Amino acid sequence: MSSRLYFSGVSMALEGRSTGSRIHVLGAGAVGLLFAAHLRKSGHPITLLLRSQASAERFSRSGGRISVVDDWARSQPSRKLLRVDSSSSGNDMVPWLAEDIQAMSTASLHNDKDQQSHIDKLVITTKAHDALQAYWSVRGSLNSKSTVVLLQNGMGTYEAIQRELYPSPQQHQRELISEIPTFIIGTNANGCLRVSEDEFTTHHTAKVSCQFAVRPSLLNPPPPLPPSTLDMLKALSSLPLGATIINWSDLHLQLLLKLAANAVISPVTALTGCRNGYIVPPPLNGTQQCADAGYYDSMRSYLSSACAEIAAVYARAHPHLHCELTTQAIEEYVSHIAYSSARNRSSMLQDIDAGRQTEAEWINGYLVRLGQQHGVPTPVNTLLYTLIKLKEAVRYHMS
């Protein structure tokens, strides 16, 4: 854990515990439940913000608790490309419980005339395509004293919020300086899965890491950071999820690398129904080999082509990071993520199987649009994006 954060030339100590004030978590999917449970376990009062009053009441009837199954503890990430059956899905693991958690709908938050409706610290863990609407639903409870953590796959959600809710901030600085909260952007590599929508249980399938950084304000000069920001950073840095607090420039690099990994791994798994490990063939001494030798050459060719295309887009869009975002660096990172989460089913595959909208718009679609803006062709990502959108449409009409 980083002990100090350097932000706008100011060094802030992260030692010591946070104040333990209430944290609201908006998004009760696998990631939201995982982070809410660990924040509660660390001693923070937690309120889950759910879409409907019926969901909030169902959570209260279930005991106001979240169950976490640490599947990662059963075996370390494997390079075996095995489809896990129900007997090894983690059901034999005893979950631990995060208890005494409140829940309410976003609508009831607006109806609450009490001053407690103000949100001091908010973590948004919805899907990328739901993040803007989720923020809209609680905007009235946020102000410049609030801190908002955005934790989504892909890129562009922060920009969408700023564009839709706080346009031309420097031209309207006087009006917005009391409205815009401080944003913390996060990236999470921990694997997790919510098996049933009817249960508030999350399976922690791969214990990897997560990073967070304060997003520099668009206001000029930037306002001072509120106490809630340092408190939120302390809370996040104490989580046993490989959490680190870094500077925005470093996190931006990590976000671009993760975007590449998602763009290369997720659509192929969603289109074929395979687990992440199939993207990178196992080493020659692996315990399970593929009968078709052509599979290895095909996947290596795909991996190289996809990573080279992403590197070309990054070189034009982010020239200052050209040395860090080479084709080789991106390919090594993608391979590392695929190996470390070999037995995992990507969130995009889970969405396709459940008939839900995927985050392809914020992953491959984002890269396609970035390439168009900078005159870089993106045939691989264009094809993957088109096929995923077609798959979504087919599943929707079949459901």
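Description of the structure in this document. (Residues numbered from 1 in each chain as written. Predicted model: local features only at pLDDT ≥ 70, side-chain atom pairs only at ≥ 80, totals over all residues. Heavy atoms only, no water.)

Notes on the overall build of the chain
Cut-off, in case you're wondering: Strands are runs of DSSP state E lasting at least 2 residues, helices are runs of H or I lasting at least 4, and numbering of each runs from the N terminus. Between buried and exposed lies partly exposed: a residue is buried under 20% and exposed over 50% of the maximum accessible area for its type, with that area taken using a 1.4 Å probe on protein chains only. A contact between two residues is defined here by any heavy atoms of the two lying within 4.5 Å.
For the chain, the helix and strand inventory stands at 13 helices and 14 strands. The buried share of the chain, taken over its 399 residues, is 51%. Of the contacts made within the chain by residues no fewer than 6 positions apart, 76% connect residues no fewer than 24 positions apart.

Some points on empty space enclosed by the protein
Under the convention used in this document: Grid points spaced at 1 Å over the protein atoms alone were grouped into cavities, where a 1.4 Å probe fits but cannot get out, and pockets, open sets with protein on both sides within 12 Å along at least five of seven lines, with lining residues defined by an atom within 4 Å of a point. Grid points are joined across faces, edges and corners, and a volume is the space filled by probe spheres set on the points. Classes in brief: Ala, Val, Leu, Ile, Met, Phe, Trp, Tyr, Cys and Pro nonpolar; Asp, Glu, Lys and Arg charged; the others, Gly included, polar.
Evaluated as defined, the whole model comprises one cavity of 30 Å³ or more. For the largest cavity, the calculated volume is near 50 Å³. Forming the boundary of the largest cavity are Q152, N153, G154, M155, G186, T187, L255, K258, L259 and N262. Every element with two or more residues in the lining of the largest cavity is listed here: β10 (182-188) and α8 (248-272). At four residues, the largest contribution of residues to the lining of the largest cavity is made by α8. Tallied by class, the residues present in the lining of the largest cavity amount to three nonpolar, six polar and one charged.

As for the sheet that holds strand β11 (residues 191-193)
Cut-off, in case you're wondering: The criterion for strand pairing is that DSSP finds at least two bridges linking the strands in question. Under this scheme, a helix contributes an axis fitted over its contacting stretch, all axes are lines through C-alpha atoms, and angles between N-to-C directions fall in the 0 to 180 degree range.
Within the open sheet, the four strands sit side by side as β6-β5-β12-β11. Their pairing is mixed. Both edges of this open sheet fall to β6 (96-98) and β11, since each of them pairs with a single strand only. Ignoring which end each strand starts from, the neighbouring axes of this sheet average 30 degrees apart.

Some thoughts on the sheet that holds strand β3 (residues 23-26)
Judged by pairing direction, the sheet is mixed, and its eight strands sit side by side in the order β7-β4-β3-β8-β9-β10-β13-β14 without closing on themselves. Only two strands of the sheet have a single neighbouring strand rather than two, namely β7 (102-105) and β14 (243-245). Averaged over neighbouring strand pairs, the angle between their axes works out to 20 degrees when direction is ignored. Taken together, the three bridges between strand β13 (residues 210-214) and β14 define a ladder with parallel strand orientation. Within β14, the residue paired with F212 across the bridge is I245.

On their own, these measurements won't tell you what the molecule is for.
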